[in-house]
Amino acid sequence: MEGIIIKGTGSYTPKNVINNIKLGEIVDTSDEWILTRTGIKERKISIDENTSDLAIKACKIAIKNAKISSLDIDLIVLATCTPDMLIPSTACIVQKALGCDNAVSFDISAACTGFIYALDIAKSLIKSNNYKNALVIGAETLSKIVNWEDRTTCVLFGDGAGAVVLSKSEEEGIIESFCKTDAKKYECLVAPSNDLNNPFIKNHIKNEKYLKMDGQEVFKFATTTIVNSIKEVLEKANMTIDEIDYIVPHQANIRIIEHSAKKLKIDKEKFYTNLENYGNTSAASIPIALHELNEKKNLKKGDKIILVGFGGGLTFGATIIKWCV
Ligand code: ACO
């Protein structure tokens, strides 16, 4: 049988650690508020590395763990909402730095669900276009688009990158997946790009400068979406939750994860969480957590893992993987 497997994982986060107490020196907040409302204790904030720098370091680890060479990579799909530049894509910068000279490279934008979308796109392209080894990356420097004077958002986010090598194989490691978008409420989480600007415009309308979020609206969306997405992907795969060893959710807020565990009537330990040390790293959160899960729990061949994401768009999706290495 021909299938697709995750052959290697990697992650990288900046060395600059900002804990809640330090944030209290910047905005009117407290360790107690952030911890009880979100579960976050600290986050990594980049000082001198852009999104591509984080991605390159994560990819080097993933390629090494996959035991292949950069030249074996023929596809790079990078999910980010904080690219280095508008042109070229961050994936192109990563391709050059890694010497992946045989690859086609591009970015995708699906906010915090970006990695789930990227995995699905890479899987489809491997199947339809006969690619052999894809780098699938989630990489972000959210710190450059949050308003550091807005305590309702700046305490939530962190910077980082995670990557996997997705390869053609005789085994099937991607059991089932789906991605969806519900754009009706996209306004509840927005971040700006360049203003419309040309000599023919009489009255310039200035865009917002920073990320803006209606936290409670996103919270409501997230709690129902995680539960429904897990149920939907299990149903598609004709599997039950008892057959799943771990769930790696987008790491936004511990309350969202605890609520989901309760609704699904499962032990919350089944959810792998590390948001207390990283905050919400958007598209990077799932691959960072997957790499850490693999390192810490020593994933065994045959383990079944659900990856589940939700975020701006509003986007959501889930994937069931079987660990095959
Ligand atoms: N420190 C201290 N007080 C604060 C802070 C802070 N950092 N932030 C807000 N407050 C205050 C508010 O001003 C408010 O005060 P008031 O009652 O006097 O008006 C009070 O705390 C309560 O604020 P709420 O917004 O109601 O707090 P809530 O319990 O809803 O928690 C939170 C806010 C953590 C943002 C929550 O709504 C949440 O987690 N939402 C989901 C976010 C998410 O999951 N995003 C994922 C997608 S991100 C992406 O796609 C890029």
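Residues numbered from 1 in each chain as written. Predicted model: local features only at pLDDT ≥ 70, side-chain atom pairs only at ≥ 80, totals over all residues. Heavy atoms only, no water.

1. Describing the domain arrangement of the protein chain
Line of reasoning, step 1. Under the domain assignment used here, the protein chain contains domain 1 (3–172) and domain 2 (175–322).
Line of reasoning, step 2. In this assembly, 49 residues from domain 1 lie in contact with 45 residues from domain 2.
Line of reasoning, step 3. Taking both sides of the interface into account, the surface hidden between domain 1 and domain 2 amounts to around 3700 Å²; carbon and sulfur atoms contribute 61%.
Line of reasoning, step 4. Of all residues in domain 1, the largest losses of buried area upon contact with domain 2 belong to C112, I116 and Y117, amounting jointly to 17% of the total for that side.
Line of reasoning, step 5. Where domain 1 touches domain 2, the interface holds 2 salt bridges.
Line of reasoning, step 6. The closest approach of N and O atoms between E171 and K301, which form a salt bridge, is 2.9 Å.
Line of reasoning, step 7. Taken together, domain 1 and domain 2 are joined by 24 residue pairs in polar contact (both at pLDDT 80 or more).
Line of reasoning, step 8. Broken down by secondary-structure element, the contributors of at least two residues to the side of domain 1 that touches domain 2 are β1 (3–12), α2 (31–38), β3 (42–44), α3 (51–66), α5 (114–129), β6 (133–141) and β7 (159–169).
Line of reasoning, step 9. When residues in the side of domain 1 that touches domain 2 are grouped by element, the largest group, 7 residues, is from α5.
Line of reasoning, step 10. The residue inventory of the side of domain 1 that touches domain 2, partitioned by class, reads 22 nonpolar, 16 polar and 11 charged. (Domains from an automatic or database assignment. Contact = heavy atoms within 4.5 Å. Buried area = accessible area lost by both parts, 1.4 Å probe. Salt bridge = Lys/Arg side-chain N within 4 Å of Asp/Glu carboxyl O. Polar contact = N/O pair within 3.5 Å; in protein donor to acceptor, adjacent residues only side chain to side chain. Helix = DSSP H or I, 4+ residues; strand = E, 2+ residues; numbered from the N terminus. Nonpolar A, V, L, I, M, F, W, Y, C, P; charged D, E, K, R; others polar.)

2. Some thoughts on unusual backbone geometry
Line of reasoning, step 1. Going from I87 to P88, the amide bond is cis rather than trans, its omega being 0°.
Line of reasoning, step 2. Mapped onto the elements of the fold, P88 is located in the loop between β4 (75–79) and α4 (90–98).
Line of reasoning, step 3. Look at the link from G313 to L314: it is a cis peptide, with omega at -10°.
Line of reasoning, step 4. Of note, A111 is a non-glycine position whose phi angle comes to about 45°, a positive value.
Line of reasoning, step 5. Despite not being glycine, N238 shows a phi value in the positive range, around 55°.
Line of reasoning, step 6. Here N238 lies in the loop between α7 (215–237) and β11 (246–249).
Line of reasoning, step 7. Overall, N238 belongs to the exposed group, its relative accessible area being 71%. (Buried < 20%, exposed > 50% of the residue type's maximum accessible area, 1.4 Å probe, protein only.)

3. As for α3
Line of reasoning, step 1. Here α3 is 16 residues long and its end C-alpha atoms lie 22 Å apart, about the 22 Å a rise of 1.5 Å per residue gives.
Line of reasoning, step 2. If you check which residues of α3 are buried, you get T51, S52, L54, A55, I56, A58, C59, A62, I63 and A66.
Line of reasoning, step 3. On its buried face, α3 is in contact with β1, β4, α4, β6 and β7. (Expected span 1.5 Å × (residues − 1).)

4. Let's talk about the state of the cysteines
Line of reasoning, step 1. Taken as a whole and judged by the stated rule, the model has 0 disulfides.
Line of reasoning, step 2. As a non-bridged cysteine, C188 has C112 as the owner of its nearest cysteine sulfur, 11 Å distant.
Line of reasoning, step 3. For C188, a relative accessible area of 7% gives the class buried. (Disulfide = S-S within 2.5 Å.)

5. As for the site of the ligand
Line of reasoning, step 1. Surveying the vicinity of the ligand reveals 27 residues, the closest of which are T29, R37, C112, Q216 and N253.
Line of reasoning, step 2. With respect to the ligand, the side chain of W33 contributes an N or O atom lying 3.2 Å from an oxygen atom.
Line of reasoning, step 3. Here Q216 contributes a side-chain N or O atom positioned 2.5 Å from an oxygen atom of the ligand.
Line of reasoning, step 4. Contact with the protein chains removes 75% of the 1000 Å² of surface that the ligand exposes when unbound.
Line of reasoning, step 5. At the level of secondary structure, the elements contributing two or more residues to the shell around the ligand comprise α2, α6 (151–154), α7, α8 (254–263) and β12 (304–311). (Near = heavy atom within 4 Å. Areas by Shrake-Rupley, 256 points an atom, 1.4 Å probe, with all protein chains shown as cover.)

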